[in-house]
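Residue-level structure breakdown
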Amino acid sequence: MIELNNNNGNISTGTEDNVNACLQATADTAEADKSNKAAAELGKFKSVDALLKAYEALEAEFTRRSTRLKELEEGNKAQGMPAAGAPSPKPLTEDKLIEQALASDGVKRAVISEYLKSLSEGKSVPLISGGVSPVAGRNAPKSVKEAGALAKQFLKI
């Protein structure tokens, strides 16, 4: 006879076949508990293989994104742009901005031309105000002498 402590804490006696059957049932129950517990821990994944495939895909995507981020950061450094975590440069004060503008001849010329253009806009005297321009009378010579004088005036002889 073999004594066996079953799941209830009771000790039972039986033949070797009974004991083996009892051990098998206990093992099956423990295995079922483990599989239920594992299924609950896997969440939305149906099996460990599905979880592994999802993890590998996630790892590949993370690697691609990390590589792309590094490329972009290097591109920003090449262009002189600050890094994402770096503090942005302080804005220029008006005095420093004027000082830098005066140091550049191109900027000075552009500012002066813009200033002169703004002065000339909208402040001209209108030559004709409303209506139609007056018609000048025809000034035709009445004699050959007047025609000769007019020709001299045109040619300035």
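Details of the overall build of the protein chain
Each helix and strand counted, the protein chain has five helices and two strands in total. Here the protein chain holds 157 residues, and the buried ones make up 3% of them. The long-range fraction of contacts in the protein chain, counting pairs at least 24 apart against all pairs at least 6 apart in sequence, stands at 0%. As displayed, the protein chain has an accessible area near 14,700 Å², and 58% of this comes from carbon and sulfur atoms.

Re the confidence of the model for the protein chain
On average, residues of the protein chain score 75 in pLDDT, and 59% of them are at 70 or above. The secondary structure element of the protein chain with the lowest average pLDDT is strand E1 (residues 2-5), at 49, and the one with the highest is helix H2 (residues 48-78), at 91.

So, the pattern of salt bridges
In this structure the tally under the stated criterion is four salt bridges. Arg65 serves as the salt-bridge partner of Glu61, at 2.8 Å between the closest nitrogen and oxygen. With Glu61 and Arg65 both in helix H2, this residue pair falls four residues apart, about one helical turn. The exposure class of Arg65 is exposed, given its relative accessible area of 60%. One salt-bridge network, held together by shared partners, links Glu61, Arg64 and Arg65.

Overview of H2
Taking 1.5 Å per residue as the helical rise, H2 with its 31 residues ought to reach 45 Å, and the 45 Å between its terminal C-alpha atoms agrees with that figure. One or two steps after H2, the chain reaches Gly80, where phi turns positive at roughly 80°.

Thresholds, definitions, all that
All residue numbers refer to positions counted from 1 along the written sequence of the respective chain. Reporting in this predicted model follows two pLDDT cut-offs: at least 70 for local features of residues, and 80 or more for side-chain atom pairs to be given and counted; totals over whole chains, interfaces and linings ignore these cut-offs and use all residues. Excluded from the side-chain calculations are hydrogens and water; all other atoms, namely the structure's heavy atoms, are used. Strands are runs of DSSP state E lasting at least 2 residues, helices are runs of H or I lasting at least 4, and numbering of each runs from the N terminus. Type-normalised accessible area, obtained with a 1.4 Å probe on protein chains alone, sets the label of each residue: buried when under 20%, exposed when over 50%, and partly exposed for intermediate values. Note on definitions: a residue-residue contact is assigned when non-hydrogen atoms from the two residues lie within 4.5 Å. All accessible areas in this document rest on Shrake-Rupley with a 1.4 Å probe, and a residue is counted as covered only by the protein chains that are shown. pLDDT expresses, on a scale from 0 to 100, how confident the predictor is about each individual residue. Salt bridge, as applied in this entry: a Lys or Arg side-chain nitrogen positioned within 4 Å of an Asp or Glu carboxyl oxygen. Helix span is expected to be 1.5 Å times the residue number reduced by one.

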